[in-house]
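Residues per chain are reported as follows:
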Amino acid sequence: MSEQHHEAHKHHEGHGTKYKYGMVIDLDKCTGCGACMVACMAENNISFRKDNSDKLLSNYWMRVYKISNGLPFPDTEICYIPRPCMHCEGHGHHHHTPCVSVCPAVATDYDQETGIVSQIYTRCFGCRYCMAACPYHVRVFNWWDPKWPEGMEKYLSPDVSVRMRGVVEKCSFCNHRLQRARNKAYAEERREIHEDEYQTACTQACPAGAITFGDLQNPEHEVHKLKDSPGAFRLLEKLGTNPKVYYVSSRAWVLKAADVYIGEEGKGVTHP
Amino acid sequence: MPLAGFSAGLVVCLFVGWLVFPQILYSEKTQPIDFSHKLHVDEVGECDGCHYFREDGSFSGIPRLASCVECHEEAVGEHPEEAKLVAEYVKPGKEIPWLVYARQPDCVYFSHAAHVKMAELDCVICHGPIGDSDHTRPYQYNLITGYSRDIWGWNIAGMSKNAWDYSQTDESGEVHIDSPARMKMDDCAICHEEKGTNDGCFVCHK
Ligand code: SF4
Ligand code: SF4
């Protein structure tokens, strides 16, 4: 049954090369400067308001969180956690990406060829089920139509469509950059995309080099090695979302805060 | 009697829906220059004389004025449209505000490279036999959405009129297409499905 089932549902279709794009973020390198957030907003035409200080209403695709070990001076330590969309793969061939499985409009899907979770703004009708389903609080809702300061429309990226009021948006791993890279590859009559041809804006903007992006399956890509480095973990791994964003830290309290347990402690806690 | 009344009502509705409403819904503009593709194909050769790929893989769908200037720095003939081109655009160095029949909504991403280089589709498959045209046809656009009529298609009922249904190959191997293509998502999807290409949303959306 399963072979036919795969066939019938075209689980392995497409004649492009298969990728599994993901990220490894080194928390020991991140200084919390927020350059990734700024780069992301500029790259993806993310709207903002005059007063963007209410973080419940403001839109970010990449957001830097701050945690502390809670100890008094001089033992205080801070860790900043940049958080894009995790592009959850789920487990098994049905994937069960949390947000994708609840969307009644098929406004978001899991691309079998790239591992990128899409968001189609013109298809979304704003029910916000996906926001409730996402365990990482990645998704944001547009409460207003975007209003750009006079003249700023000219600086918007033509490769990313702007979103209207009433729809949900989220990080796309700068999918338009993949489209651009593919376009160039096709014009040169080849199908593979090289590591340096497709990088996200946040990766390139990070002055500390904390973010690495690439194909998790390709042994020649940096992320392939980094994701297996000691102290590598994923957020809320035990939920089984199978995220494609990995974090690395050598600090025990960071791992603990991230619900990652080491050795005996960890028995049966983390998801396979 | 009620049947006659119903029929009369139906006729009126169909008349309004199919003939009057489209007139109101679509407005018409003429292109800034009446361009002859036929003449230029004869002079320049294939489509890619003006519609070529740039190094980064993007496509010169609407050539910039610079391409025109290569030949038309001064008028090369006596045609009034050429005189207009030289006087109004070439001399002042102003780009020609062409109206793009095939312009897609903002949420759509289209790669000419994928379709022309990889899938080896002929231009006519989607654009019709535009290379044989002597004049630019009027540009019709939807007054509500602002989109070109070529996107929705010219059949007001929205019936599927895919370009590839109409293509005919004659003895000499030449492909002929009778009507301009429809360019809705369905039309893309049908072909992607047939060819077994990736049908993920982010392939064609941005
Ligand atoms: S992180 Fe949230 S939005 Fe991103 S794929 Fe996972 S569930 Fe969906
Ligand atoms: S808000 Fe939009 S994307 Fe999210 S579940 Fe509802 S329709 Fe789908």
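Please read all numbers here as calculations on a predicted model, not as lab measurements.

Novice: Pulling in residues and values, what's your account of the overall build of chain A?
Specialist: A tally of regular secondary structure across chain A gives eight helices and eight strands. Out of the 272 residues in chain A, the part that is buried amounts to 51%. In chain A, once contacts between residues fewer than 6 apart in sequence are set aside, the share between residues at least 24 apart is 63%. Counting every atom, chain A has about 13,600 Å² of accessible surface; 55% of that belongs to carbon and sulfur.

Novice: Give a description of the nonpolar core that names residues and reports values.
Specialist: One finds A:Tyr21, A:Phe173, A:Tyr198 and A:Tyr247 to be the most contacted residues of the largest nonpolar core, which totals 61 residues. Discounting chain neighbours no more than four positions away, the residues touching A:Tyr247 are A:Ile25, A:Leu27, A:Ile81, A:Pro82, A:Arg83, A:Pro84, A:Met86, A:Gly231, A:Ala232, A:Phe233 and A:Leu235. Formed by seven residues, the second largest nonpolar core is a distinct cluster that contains B:Ile33, B:Cys68, B:Leu85 and B:Tyr89.

Novice: Quick rundown of the packing of aromatic side chains? Include the residues and the values.
Specialist: Summed over all chains, the structure comprises 12 aromatic pairs over all chains. When the ring of A:Phe173 is compared with that of A:Phe213, the centres are 5.0 Å apart and the planes differ by 75°; the resulting orientation is edge-to-face. In this pair, A:Phe173 is assigned in the loop between β5 (168-169) and α5 (175-187) and A:Phe213 in strand β6 (residues 211-215), connecting sequence segments 40 residues apart. A:Phe213 shares its class with A:Phe173; the two are buried. Between B:Phe53 and B:Phe59, the aromatic rings sit 5.0 Å apart at their centres with planes inclined by 55°, giving tilted as the arrangement. The structure contains a cluster of three or more aromatic residues connected by ring pairs, namely A:Tyr19, A:Tyr21, A:Phe173, A:Tyr198 and A:Phe213. The ring of B:Tyr101 has B:Arg137 sitting right over it, with the charged end atom 4.3 Å from the ring centre. Positioned above the aromatic ring of B:Tyr26 is the side chain of B:Arg149, whose terminal nitrogen or guanidinium carbon lies 4.2 Å from the ring centre.

Novice: Run through a nonpolar patch on the surface, naming residues and quoting values.
Specialist: A cluster of nonpolar side chains, namely B:Leu3, B:Phe6, B:Leu10, B:Val12, B:Leu14, B:Phe15, B:Val16, B:Trp18 and B:Leu19, defines an oily patch on the protein surface of about 940 Å² accessible area. Relative to the helices and strands, B:Leu3 is located in helix α1 (residues 2-25).

Novice: Describe the site of ligand 1, naming the residues involved and giving the relevant values.
Specialist: Every one of the 14 residues lining ligand 1 counts as a neighbour, but A:Cys85, A:Cys88, A:Cys99, A:Cys134 and A:Arg139 are closest to it. Among the residues forming the shell around ligand 1, the class breakdown is 10 nonpolar, two polar and two charged.

Novice: Tell me about α5(A), and name the residues and values.
Specialist: Counted at 1.5 Å a residue, the expected span for α5(A) with its 13 residues is 18 Å, and the 18 Å between its end C-alpha atoms agrees. Within α5(A), the full set of buried residues consists of A:Asn175, A:His176, A:Arg177, A:Leu178, A:Gln179, A:Ala181, A:Arg182, A:Asn183, A:Ala185, A:Tyr186 and A:Ala187. Those residues of α5(A) that are buried are in contact with β1 (21-26), α2 (35-43) and α6 (201-205) of chain A together with α5 (112-118) and α10 (201-204) of chain B.

Novice: Outline the pairing of strand β2 (residues 139-142) of chain B, supporting the account with residue identities and numerical values.
Specialist: Residues and elements named next belong to chain B. Side chains Tyr139 and Tyr141 project from β2 onto one buried face, and the interleaved Gln140 and Asn142 project onto a second face that is buried too. Here strand β1 (residues 26-29) runs beside β2; their pairing, made up of four bridges, is antiparallel. For Lys29, the partnering residue across the bridge sits in β2 and is Tyr139.

Novice: I'd love a proper account of unusual backbone geometry, names of residues and values included.
Specialist: All names here are of chain A. The omega angle of the peptide bond from Phe73 to Pro74 is 10°, so this bond is cis rather than trans. Structurally, Pro74 is set in the loop between β2 (63-68) and β3 (78-83). Even without being a glycine, Phe173 presents a positive backbone phi close to 55°. You can call Phe173 buried: its relative accessible area is 1%.

Novice: Describe in detail the confidence of the model for chain A, supporting the description with residues and values.
Specialist: The predicted coordinates ought not to be read in detail in places where the model reports low pLDDT. When pLDDT is averaged along chain A, the result is 88, and 88% of the positions lie at 70 or above. Here residues 268-272 of chain A is modelled with pLDDT under 50, and outside its nearest four sequence neighbours on either side it reaches seven contacts, counting other chains as well.

Novice: Tell me about the site of ligand 2, and please be specific about residues and values.
Specialist: Around ligand 2, the structure places 13 residues, and the nearest of them are A:Cys103, A:Cys124, A:Cys127, A:Arg128 and A:Cys130. A class-by-class count of the residues in the shell around ligand 2 yields 10 nonpolar, two polar and one charged.

Novice: Outline the environment of B:Met185, supporting the account with residue identities and numerical values.
Specialist: Along the polypeptide, B:Met185 turns up in helix α9 (residues 185-195). Exposure remark for B:Met185: the relative accessible area of 51% places this residue in the exposed category. Taking the C-alpha atoms as reference points, B:Met185 and B:Val108, separated by 77 residues in sequence, lie 9.2 Å from one another. Other than its neighbours up to four places away in sequence, B:Met185 contacts A:Arg123 and B:His205.

Novice: I'd like to hear about the packing of helix α3 (residues 65-72) of chain B against helix α4 (residues 80-90) of chain B, residue by residue, with values.
Specialist: Residue and element names in this part refer to chain B. Between α3 and α4, the least distance of the axes is 12 Å, while the angle of their chain directions is 125°. Relative to α4, the element α3 lies oblique. Of the two possible hands of crossing, α3 and α4 adopt the one that is left-handed. Contacts between α3 and α4 pair Leu65, Val69 and His72 from the former with Glu82, Leu85, Val86, Tyr89 and Val90 from the latter. Of the residues that constitute the contact of α3 with α4, the class distribution is six nonpolar, one polar and one charged.

Novice: Lay out the pattern of salt bridges with the relevant residues and their values.
Specialist: For the structure on display, the rule yields 18 salt bridges over all chains. A salt bridge links A:Glu188 to A:Arg190; the shortest N-O distance between them is 2.8 Å. Looking at A:Glu188, the relative accessible area reads 40%, which means it is partly exposed. In this structure, B:Glu81 and B:Lys84 form a salt bridge, with 3.9 Å as the shortest nitrogen-oxygen distance. Here B:Glu81 pairs with B:Lys84, and both are found in helix α4, just three residues apart, close to one helical turn. A relative accessible area of 27% places B:Lys84 in the partly exposed class. What you see here is one network of salt bridges that share partners, running through A:Lys184, A:Glu188, A:Arg190 and A:Glu197.

The rules we used
Residues numbered from 1 in each chain as written. Chains lettered and ligands numbered in written order. Predicted model: local features only at pLDDT ≥ 70, side-chain atom pairs only at ≥ 80, totals over all residues. Heavy atoms only, no water. Helix = DSSP H or I, 4+ residues; strand = E, 2+ residues; numbered from the N terminus. Buried < 20%, exposed > 50% of the residue type's maximum accessible area, 1.4 Å probe, protein only. Contact = heavy atoms within 4.5 Å. Areas by Shrake-Rupley, 256 points an atom, 1.4 Å probe, with all protein chains shown as cover. Core = buried A, V, L, I, M, F, W, Y, C linked by side-chain atoms within 4.5 Å. Phe/Tyr/Trp six-rings, centres within 6.5 Å; stacked < 30°, edge-to-face > 60°. Lys NZ or Arg CZ within 6 Å of the ring centre and 35° of its normal. Patch = residues over 30% accessible without salt bridge, like charges linked within 9 Å, V, L, I, M, F, W, Y side chains within 5 Å. Salt bridge = Lys/Arg side-chain N within 4 Å of Asp/Glu carboxyl O. Near = heavy atom within 4 Å. Nonpolar A, V, L, I, M, F, W, Y, C, P; charged D, E, K, R; others polar. Expected span 1.5 Å × (residues − 1). Pairing = 2+ DSSP bridges. pLDDT = per-residue confidence, 0-100. Axes fitted to C-alpha atoms, helices over the stretch in contact; angles between N-to-C directions. Parallel < 35°, antiparallel > 145°, perpendicular 65-115°, else oblique. Left-handed = near helix turned anticlockwise from the far one by under 90°.

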